[in-house]
Amino acid sequence: MELDLQPIKLQGVSEDRPLVIAGPCSAETEEQVMTTAKALAKNGIKIFRAGIWKPRTKPGGFEGVGEPGLAWMKRVKEETGMYVTTEVANTKHVEAALKAGIDLLWIGARTSANPFAMQEIADSLKGVDIPVLVKNPVNPDLELWIGAMERLNNAGIRRLGAIHRGFTSSEKKIYRNLPLWHIPIELRRRIPDLTIICDPSHMGGKRELVAPLCQQAMDLGFDGLIVESHCSPEKAWSDAAQQVTPDILDYILNLLVIRDVKYTTESLAELRKQIDECDESLIQGLAKRMRVAREIGTYKKEHNMAIVQTGRYNEILEKRGSQGALCGLGSDFVRVVFEAIHSESVRQQLEILNK
Ligand code: PEP
Ligand code: MN
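Residues numbered from 1 in each chain as written. Chains lettered and ligands numbered in written order. Predicted model: local features only at pLDDT ≥ 70, side-chain atom pairs only at ≥ 80, totals over all residues. Heavy atoms only, no water.

## What about the pairing of strand E1 (residues 19-23)?
Next up, step 1: Burial within E1 is extensive, with five of its five residues counted as buried.
Next up, step 2: Both E1 and strand E8 (residues 224-228) contribute to a ladder of five bridges, which runs parallel. Considered in E8, the bridge of Gly23 is made with Glu228. (Buried < 20%, exposed > 50% of the residue type's maximum accessible area, 1.4 Å probe, protein only. Helix = DSSP H or I, 4+ residues; strand = E, 2+ residues; numbered from the N terminus. Pairing = 2+ DSSP bridges.)

Written as structure tokens, this is what we have:
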């Protein structure tokens, strides 16, 4: 299905990359909201985020201040001129947010994973013209993410955007949520006109990771960034480890190198031709290797030899691994490539054996 989209243009907000949304994970007190918002506005931020209803994995944590926080968001709008956005997860939230004049809505990662909740939100937005940003579902399921956006689009929401906040994984490594960049890249290929924003805060889970993730998102051609920023990050009531002060955020944004996204295709034509030539000779080389492997297969069959000879296999992996390292290729990469080549050779020889 094709989505019927419009760009998320907001009056007074530059259309240059990145579109920046910033603010605390949660609205905690009126003072915290106003202090943070004023500092962000002073640094030129135009869109303020704050969670009013907080989805928590377990009960008992801080679940957000709820509706009273909406009045603080209204104050932010009036006193700083910033647009304001918050997370909605059900009809009640949508109605309260619209009534309070929230300018953009976002859907959290736990909600976008739930088609019933998404349909309920979509139904409550019928006939409303407001930009909606949809975070990826917690699990790496692109279809579920697109499906959530389709439900909103079917309800008439055309100013849609996607927020890539990374994916839950049992192998945590350095990130709170694994980036799995190929998923938003595939999303861009499938829906080229969709605004895609990166959330480095929930992806990294630590403030030190915010800057490198912002740069990576820009290098990959993302349209915007949504970054958690708090006037006293270490005292935050939720996600304290990943929030940065408005001044640190300003510093991070100023250091970003923004490369041209429109420039690629023509200016790269010559280099792309070279890549095509390399790929062709790789295919030809592989085909030649397989012809030789089949000849070896015939010999093994005639002499009643087993196909896989472990000693030889190890020799190939070691020899090509060290050769690859000398040429600047990663050892994991070389291993994976030669494992795949070897397994194709084995498959071809098995074919001969069973002929
Ligand atoms: C948030 O943005 O504060 C939030 C709850 O994020 P996510 O839905 O990505 O976990
Ligand atoms: Mn958060």
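## Some details on the site of ligand 1
Next up, step 1: Lining the immediate surroundings of ligand 1 are Cys25, Arg49, Lys54, Glu87, Trp106, Gly108, Ala109, Arg110, Lys135, Arg165, His202 and Glu228.
Next up, step 2: Contact distances for ligand 1 include 2.8 Å between an oxygen atom and a side-chain N or O atom of Lys135.
Next up, step 3: For ligand 1, an oxygen atom lies 3.3 Å from a polar atom in the side chain of His202.
Next up, step 4: For the shell around ligand 1, a count of residues per class yields three nonpolar, two polar and seven charged. (Near = heavy atom within 4 Å. Polar contact = N/O pair within 3.5 Å; in protein donor to acceptor, adjacent residues only side chain to side chain. Nonpolar A, V, L, I, M, F, W, Y, C, P; charged D, E, K, R; others polar.)

## A closer look at the sheet that holds strand E4 (residues 104-107)
Next up, step 1: Pairing is parallel in the closed barrel, where eight strands are placed in the order E1-E2-E3-E4-E5-E6-E7-E8. Mean inter-strand twist for the sheet, computed between neighbouring axes without regard to direction, equals 25°.
Next up, step 2: Bridge count between strand E5 (residues 132-135) and strand E6 (residues 160-164): four bridges; the pairing is parallel. Its bridge partner lying in E6, Val134 is registered against Ala162. (Axes fitted to C-alpha atoms, helices over the stretch in contact; angles between N-to-C directions.)

## Considering the side chain of His202
Next up, step 1: Mapping His202 onto the fold places it in helix H8 (residues 200-204).
Next up, step 2: Since its relative accessible area comes to 9%, His202 is described here as buried.
Next up, step 3: Of the polar contacts made by the side chain of His202, one reaches the side chain of Asp199; its length is 2.7 Å.
Next up, step 4: Among the polar contacts made by the side chain of His202, one reaches the side chain of Gln242 at a distance of 3.3 Å.
Next up, step 5: Contact partners of His202, with chain neighbours within four places excluded, come to Arg49, Lys135, Arg165, Arg176, Asn177, Glu228, Asp239 and Gln242. (Contact = heavy atoms within 4.5 Å.)

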